[in-house]
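# Notes for the structure review
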Amino acid sequence: MKLIVAIVKPFKLDDVKDRLKTLGVNGMTVSEAQGFGRQRGHTEVYRGAEYEVDFVPKLRLKYSSTTAK
Amino acid sequence: MLLATTLIPYPSWLNTGDNAWQLVSATLVGLMSIPALAVLYGGLVQKKWIVNTMLMVFSAFSLTLIVWMLWGYNMAFGFPQAHWGPTGSFWAGLIGIPHTLFLHGAEQNQAISGANTLIPFHFPTATFAYFQFVFAAITPILFLGGLVGRLKFKAWLLIVPLWITFVYAVNAALLWGGGFFAQKGAVDYSGGYVIHLAAGVASFVGAAILGPRLARDRTHAVPSNLMMVAVGAGILWLGWNGFNGGDPFYAGVDAASAVLNTNVATAAGLLTWMFMDMLFSKQKKPTFLGAINGMICGLVAITPSAGWVNGLGAVLVGLIASTIVWIAWTYISRLRPFSKVDDALGVVYTHGFAGLTGGLLVGLLADPKMIEYGIKGAHYTGAGAISVGGWFYNGHSWHQFWEQFLAAAWIICYTGIMTAIIFYIVKFVMRGLREKDEVLEVGDLAIHDEEAFPVETFAERVNSLGR
């Protein structure tokens, strides 16, 4: 049995979840997270002031699997 | 039961339409402070400053009303005025004699004021005093925008009554209460100078004396909630129908003109800022908070002229003011002394620059055919009707512009100097104007033991469940 932790882009959750279901995974925990990697951050502008936002929204999935993938 | 006498619901001098409109207008203006500025400023500050900002707004509103009842109203609008010097001199009508509004006559008698001796008011003093109170209250609440995020709470509780007494009441008496500038011919329809220019100056001077927010806060000063800014801004815009629509003091033709002009200038101001952002900002994108800045520029700039310009004038006021303030916000803010002062929410731009621009534009764009108080008849224009003429409409005379300039110079100098004196006095009495740095790092929780969005899961009741 293995505990698997995956970080995915928020809009990818449905695809990942559906695929894992078909693979027999029958439970998972999802939490919101902020992170950065190769994907670059972005700039936000409030009242003329620019703010660099390195962290982008991510989802952190945790599920257990009995079969090694 | 048959009565020997016939009861009447109101005295003969009262006009129900005027009284009703004046009370509605006053309520609309009150809504601009609470909740509009509470949630607008609360939405613009960082999450950790929301509670502190909102409580400062609500406590300033309350403090101003108590001061108003005790002495403020009669200082600003009391009639007759104190004779501090010979009739016609600057000192003659500087302020009214301070006294309370506590006796029955002070609420129920017909309103009488140096503000308007042309036609008797058709409502009681209670109506007039409440209407004038909501204008007084919003002024310190506006300049609070420059001070949020480091001002000591106790200092604020002292700044408000002192500022209302020594700055607001004096400016109001001089321009509205029949004082020197009113006699000279300077005009301010509903507070472009007395409220907005004064708030802009006080915000800037106050912020300069107070010092900047923590460097960490300034580098992370993102607004806490743009939806709350939308709620506040919307109430502010439509509340302004009372702000400007209430200032003729009669529910008549000019009240209607003032309401329409206010909305026209505001729409023009909002769109101008949005297009400036799309065309000239670094990102070339429209921004919501930019549009709201433009909206406020339009509202503020039309305030000194709302019922004295025609529809074209209203469009121009919004367009010109929004353009000037956009340029000031973007470029002048980089120059000294503006670059050296942390006016947290930029009150000196959207209220100071916009109020000054609007006040001076009266001297250019006021149309003498826009009648505030008329002569009898269906069209009620004619010799003796009360209106204001600007350069474009009065044979290119600079007279009105010059009067507007002099009044602006007074407001800027007097408000600047007195605000500085008040801040230094409060600094001395309260042993500092700022919360300690370790308190500033935490914000709301350190000052009030409250936070804007408490998390139920982590909160466990300590004391017994009864109160």
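Cut-off values and rules
Residues numbered from 1 in each chain as written. Chains lettered and ligands numbered in written order. Predicted model: local features only at pLDDT ≥ 70, side-chain atom pairs only at ≥ 80, totals over all residues. Helix = DSSP H or I, 4+ residues; strand = E, 2+ residues; numbered from the N terminus. Rg over C-alpha atoms; globule rule 2.2 N^0.38 Å. Buried ≥ 20, exposed ≤ 12 C-beta atoms within 10 Å, placed from the backbone. Axes fitted to C-alpha atoms, helices over the stretch in contact; angles between N-to-C directions. Parallel < 35°, antiparallel > 145°, perpendicular 65-115°, else oblique. Left-handed = near helix turned anticlockwise from the far one by under 90°. Contact = placed C-beta atoms within 7 Å. Nonpolar A, V, L, I, M, F, W, Y, C, P; charged D, E, K, R; others polar. Pairing = 2+ DSSP bridges.

In this section: the overall build of chain A. From N to C terminus, chain A includes one helix and five strands. Each helix and strand of chain A, placed in order from N terminus to C terminus, yields the pattern β-α-β-β-β-β. In terms of C-alpha radius of gyration, chain A reaches 16 Å, well past the compact-globule figure of 11 Å for 69 residues. Overall, chain A is about 50 × 20 × 20 Å in size when its C-alpha atoms are taken along their principal axes. Counting over 69 residues, chain A shows a buried share of 3%.

Residues and elements named next belong to chain B. Across the interface, helix α9 (residues 226–245) lies against helix α10 (residues 253–280) with an axial gap of 8 Å and an inter-helix angle of 140 degrees. It follows that α9 is oblique to α10 by the angle criterion. The way α9 lies across α10 gives a crossing that is right-handed. Residue-level contacts link Trp237, Trp240, Asn241, Asn244 and Gly245 of α9 to Ala255, Ala258, Val259, Thr262 and Thr266 of α10. Split into classes, the residues belonging to the contact of α9 with α10 amount to five nonpolar, five polar and no charged.

Okay, the sheet that holds strand β2 (residues 29–35) of chain A next. All names here are of chain A. Judged by pairing direction, the sheet is antiparallel, and its three strands sit side by side in the order β1-β5-β2 without closing on themselves. The open sheet has two edge strands, β1 (2–8) and β2, and neither has a second partner. Between one strand axis and the next, the sheet turns by 25 degrees as a mean value, whatever way the strands run. As paired strands, β2 and strand β5 (residues 56–65) are joined by seven bridges and run antiparallel to one another. Opposite Ala33, over in β5, you have Lys58 as the bridge partner.

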